[in-house]
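Residues per chain, in single letters:
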Amino acid sequence: MTETGSEKLNKFEKLKAEKDGLLVKQEISEFARKGWESMEENDLNHRLKWLGVFFRPVTPGKFMMRMRIPNGILTSTQMCVLAEVIQRYDKEGSADITTRQNIQLRGIDFSDIPNIFNKFHKVGLTSIQSGMDNVRNITGDPLAGLDANELYDTRELVQQIQDLLTNRGEGNPEFTNLPRKFNIAVTGGKDNSIHAEINDLAFVPAFKEGFGFNVLVGGFFSGKRCEAAIPLNVWVKPEEVVSLSKAIVEIFRDHGLRLNRQKARLMWLIDEWGLEKFRDEVEKQWGKSLQTAAPKDEIDWEKRDHIGVYPQKQPGLNYVGLNIPVGRLTADDMFELARLAEVYGSGEIRFTVEQNAIIPNIHDSALNTLLTEPILKKFSVSPGLLMRSVVSCTGAQFCNFALIETKKRAIAMTEALEQELILSKPVRIHWTGCPNSCGQPQVADIGLMGTKVRKNGQTLEGVDIYMGGKVGKDARLGTCIQKSVACEDLQPILKDILLKQFGAKVREQTAD
Ligand code: SRM
Ligand code: SF4
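As a convention, each chain's residues are numbered from 1 in the sequence order in which they are written. Chains and ligands are labelled sequentially in the order written, the chains with letters from A and the ligands with numbers from 1. Local features in a predicted model are, by the rule used here, given only for residues with pLDDT of at least 70; side-chain atom pairs are given and counted only at 80 or more, and totals for whole chains, interfaces and linings are based on all residues. Note that the side-chain values use all heavy atoms of the structure and ignore hydrogens as well as water.

### Quick word on the overall build of the protein
And then number 1: The helix and strand inventory of the protein stands at 14 helices and 24 strands.
And then number 2: Only C-alpha atoms enter the radius of gyration, while the globule expectation follows 2.2 Å times N to the 0.38, with N the number of residues. By the compact-globule yardstick of 24 Å for 512 residues, the protein fits well, its C-alpha radius of gyration being 22 Å.
And then number 3: Counting only C-alpha atoms and orienting by the principal axes, one finds that the protein spans roughly 75 × 60 × 50 Å.
And then number 4: Counting across all 512 residues of the protein, residues that qualify as buried make up 60%.
And then number 5: A 1.4 Å probe and the Shrake-Rupley method give the accessible areas. Residues count as covered only by the protein chains that appear here. Accessible surface, the protein as shown: approximately 20400 Å² in total, 49% of it carbon and sulfur. Numbering goes from the N terminus for both helices and strands, where a helix is a DSSP run of H or I of at least four residues and a strand is a run of E of at least two. The buried label goes to any residue with under 20% of its type's maximum accessible area, the exposed label to any with over 50%, and the partly exposed label to all in between, with areas taken from a 1.4 Å probe on protein chains only.

### Looking at unusual backbone geometry
And then number 1: With a phi angle near 60°, Gln-101 is a residue other than glycine that sits in the positive phi range.
And then number 2: The exposure class of Gln-101 is buried, given its relative accessible area of 0%.
And then number 3: Of note in this structure, His-306 is not a glycine but carries a positive phi near 70°.
And then number 4: Secondary-structure assignment places His-306 in the loop between helix H9 (275–286) and strand E13 (308–311).

### Here's the deal with the packing of aromatic side chains
And then number 1: Stacked, tilted and edge-to-face are the three classes assigned to paired rings of Phe, Tyr and Trp, where Trp is represented by its six-membered ring and a pair needs centres within 6.5 Å; plane angles under 30 degrees give stacked, over 60 edge-to-face, the rest tilted. For the coordinates displayed, the defined rule picks out 13 aromatic pairs.
And then number 2: Between Tyr-152 and Phe-213, the ring centres sit 5.6 Å apart and the planes meet at 80°, which makes this aromatic pair edge-to-face. Pair noted here: Tyr-152 is in the loop between strand E6 (139–140) and helix H6 (155–166) and Phe-213 is in strand E9 (residues 210–217), with a separation of 61 residues, a long-range link.
And then number 3: Overall, the relative accessible area of 26% leaves Tyr-152 in the partly exposed class.
And then number 4: Ring centres 6.3 Å apart and planes at 80° place the aromatic pair Phe-203 and Phe-213 in the edge-to-face group. Of this pair, Phe-203 sits in strand E8 (residues 201–208) while Phe-213 sits in strand E9, placing them ten residues apart in sequence.
And then number 5: Judged by relative accessible area, Phe-203 falls into the buried class, the value being 0%.
And then number 6: For Phe-213, a relative accessible area of 0% puts it in the buried group.

### Concerning the state of the cysteines
What makes a disulfide is a covalent bond joining the sulfur atoms belonging to two cysteines.
And then number 1: Pairs of cysteine sulfur atoms within 2.5 Å are identified as disulfides in what follows. Per the counting criterion, the structure on display carries zero disulfides.
And then number 2: Between Cys-487, a cysteine without a disulfide, and Cys-393, which holds the nearest cysteine sulfur, the sulfur-to-sulfur distance is 12 Å.
And then number 3: The exposure class assigned to Cys-487 is buried, which follows from its relative accessible area of 9%.

### A closer look at the site of ligand 2
And then number 1: It suffices for a single heavy atom of a residue to lie within 4 Å of a molecule or strand for the residue to be listed as near it. The local shell around ligand 2 consists of Cys-393, Thr-394, Gly-395, Cys-399, Phe-401, Ala-402, Thr-432, Gly-433, Cys-434, Asn-436, Ser-437 and Cys-438.
And then number 2: Charged means Asp, Glu, Lys or Arg here, nonpolar means Ala, Val, Leu, Ile, Met, Phe, Trp, Tyr, Cys or Pro, and polar covers whatever is left, Gly included. Looking at the shell around ligand 2 residue by residue, the classes come out as six nonpolar, six polar and no charged.

### Thoughts on the pattern of salt bridges
And then number 1: Whenever a carboxyl oxygen of Asp or Glu lies within 4 Å of a side-chain nitrogen of Lys or Arg, that contact is scored as a salt bridge. In the structure shown here, the tally under the stated rule is 47 salt bridges.
And then number 2: Put simply, Asp-96 and Arg-328 hold a salt bridge, and the shortest N to O gap is 2.5 Å. Of the two residues, Asp-96 is situated in strand E4 (residues 94–97) and Arg-328 in strand E15 (residues 328–329); the sequence distance between them amounts to 232 residues.
And then number 3: What makes Asp-96 buried here is its relative accessible area of 2%.
And then number 4: Glu-461 is the partner of Arg-409 in a salt bridge, and the nearest nitrogen-oxygen pair spans 2.6 Å. A residue pair is termed long-range when its members are at least 10 positions apart, and Arg-409 in helix H13 (residues 407–420) and Glu-461 in strand E22 (residues 458–467) qualify at 52 residues.
And then number 5: Members of the salt-bridge network, linked through shared partners, are Glu-18, Lys-19, Glu-27, Glu-40, Asp-43 and Arg-47.

### Points about the environment of Val-53
And then number 1: Turning to its location among the elements, Val-53 is positioned in strand E1 (residues 53–54).
And then number 2: It is 6.0 Å that separates the C-alpha atoms of Val-53 and Met-64, two residues lying eleven residues apart in sequence.
And then number 3: Residue contacts are defined here by distance: any two heavy atoms, one from each residue, within 4.5 Å place the two residues in contact. In this view, Val-53 contacts Leu-48, Phe-63, Met-64, Met-65, Ile-113 and Phe-117; residues no more than four positions away in its chain are not counted.

### So, the site of ligand 1
And then number 1: Of all residues adjacent to ligand 1, which total 31 residues, the nearest are Thr-98, Arg-106, Lys-181, Thr-394 and Cys-438.
And then number 2: Whenever two N or O atoms come within 3.5 Å, that pair is a polar contact, provided that in protein one can donate a hydrogen and the other can accept it, and provided that, for residues adjacent in sequence, both atoms are side-chain atoms. Taking Arg-265, its side chain carries an N or O atom lying 2.8 Å from an oxygen atom of ligand 1.
And then number 3: Secondary-structure elements contributing two or more residues to the shell around ligand 1 are strand E2 (62–66), strand E5 (103–109) and strand E10 (220–221).

### What about the pairing of E22?
And then number 1: Burial of E22 is extensive: seven of the ten residues sit out of reach of the surface.
And then number 2: For two strands to be treated as a pair, DSSP must find at least two bridges joining them. Across ten bridges, the pairing between strand E21 (residues 446–455) and E22 is antiparallel. Residue pairing across strands places Lys-455 opposite Gln-458, the latter belonging to E22.
And then number 3: Remark: two residues form the turn of the hairpin made by E21 and E22, two consecutive strands paired antiparallel; Asn-456 in that turn has positive phi of roughly 45°.
And then number 4: As paired strands, E22 and strand E23 (residues 479–486) are joined by five bridges and run antiparallel to one another. Bridging from a neighbouring strand, Val-463 pairs with Val-485 of E23.

### Points about the packing of H6 against helix H7 (residues 241–255)
And then number 1: H7 packs onto H6 with a crossing angle of 40° between their chain directions and a minimal axis gap of 9 Å. One finds that H6 runs oblique with respect to H7. Our pair here, H6 against H7, has a crossing hand that is right-handed. Here H6 contributes Leu-157, Gln-160, Ile-161, Leu-164 and Leu-165 to the contact with H7, which in turn contributes Val-241, Val-242, Ser-245, Lys-246 and Val-249. To get an axis, fit a line to the C-alpha atoms, keeping to the stretch in contact for a helix; angles then go from 0 to 180 degrees between the N-to-C directions. Relative orientations are named as follows: roughly parallel for angles under 35 degrees, roughly antiparallel for angles over 145 degrees, roughly perpendicular for angles from 65 to 115 degrees, and oblique for any other angle. Note on convention: near helix rotated counterclockwise from far helix by under a right angle means a left-handed crossing. Clockwise means right-handed.

### As for the sheet that holds E6
And then number 1: Pairing within the open sheet is mixed, and its five strands lie in the order E6-E7-E8-E9-E12. The open sheet is flanked by E6 and strand E12 (230–236), the only strands paired with a single partner.
And then number 2: Where strand E7 (residues 184–186) meets E8, three bridges bridge the pair, whose relative direction is parallel. Residue pairing across strands places Ile-184 opposite Leu-201, the latter belonging to E8.
And then number 3: Those strands touched by H6 are E6, E7 and E9, and its axis lies near 155° from that of E7.

### Some details on the packing of H7 against helix H8 (residues 266–273)
And then number 1: With their axes 10 Å apart at the nearest point, H7 and H8 run at an angle of 75° to one another. The angle between H7 and H8 falls in the class roughly perpendicular. Along its contact with H7, which presents Ile-251, Phe-252 and His-255, the element H8 presents Leu-266, Leu-269 and Trp-273.
And then number 2: For the contact of H7 with H8, the per-class residue count stands at five nonpolar, one polar and no charged.

Below, the structure is given as structure tokens:
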């Protein structure tokens, strides 16, 4: 790009040019000692996000920390450290599994942050570069290494990409000034478990000279525009995934549009250059010839939600998928999940982009006892057909962009609809509190996007309704089918959609 001159830069480019976000790493102990109230505004509101520390205007003084959990996999020891962090804040401490297979911790006192970083360091956890203009948590198959039908185990690749971009979790100044956020996903399974199509860069399994990946680019959601990723017409071998990711992130860093922040995601650069030029530039940056894409990829299945009990490829072992309604966890829940993983499994816990958890490596002989554990009443292996698929972004409880409260409402609405209706199949309902679409309403069967609605002279919380999102094979984005429904009027409308379009039946109500 030929964009030069600081007068042309948007506010965020200016603040990055003045001081790189990662520099607050050196100052964090001093900040914590003096208190957040004494911090310069841009350091507090923005640069802290380079460390994964988020000031929450909705709960000033109670900070959020966003981790990086590559491929969504944690050890029980790491889970216990995360639980200990929030435990000390009592009711104000909580955690959320995110739509990027990740964890966010809430209620954190600023003065504790240096100590929390030390704890993370000891167990190999990091929150570095997890917010603002960085590459976000890199997603991979939640069943990597467990699934008999997988074509490639994504764990190592995802970890290698993270290590490269974050300098093994210490922070990598080479990649801390991107024009905007950047999302990467790698899938080695057949069911597109990580929504490849909504990432700036995605690798999907495909055979050409043996096994490799076709490359998709430019997928993103924003308040202004939503696009599914498009094929780059490139196929790479597994051992080329990391270096190609680096080259594409470098192209984005060096040439991505920086004037208008609303037009700074990768797809806008692809539009500006055209796909052919973009591909040529990637090839130059990579320094070797790109192979054309394999004629077809191997995404061939409907998407699985992993809730329930399933055999692994290792004989005698199983994984158990637990439904964590809207991803919300308390410290006690986290200790309990860690305990289950240790007692019954191999001490490993995994997360899905549907905000649920998986405990792998459970021996046949331990299954029945595991299934009697009391926590499984809260985190069921056989929840209702709506509850098992409900996803919700943070919403007004903690997010200052939110136009509506989402998580509590999502659970209440799901329970109410399950009381009224008998479903014959899961229906994926996603809630998101504003057009930023963190709750991905465009990939849902029914997506609900928060908005404000005028009714009887009053301004009320409402939603725009999205439908037609398809995940897994032949994924496509849903579109808005009805605008401005007040939340208080939503239940009968959803009931009607479920009856007419998803084969639900009215449940006969029994008299008490
Ligand atoms: Fe998001 C901004 C939460 C996934 C698109 N997102 C935010 C902020 C940081 C805004 C803020 O500072 O308050 C939210 C933090 C609220 C809080 O306290 O939790 C926030 N986003 C989330 C999470 C936690 C939603 C959830 O409940 O799971 C997800 C964290 C993922 C992670 O672990 O890194 C989350 N956000 C997404 C996704 C989904 C995805 O990645 O698959 C999207 C759409 C996909 C995409 O980005 O292309 C998404 N978030 C946004 C955007 C719009 C980006 C844009 O290009 O305009 C914003 C606004 C922004 O960045 O300026 C945003
Ligand atoms: Fe906040 Fe909007 Fe994202 Fe929900 S969709 S977490 S309300 S920015």
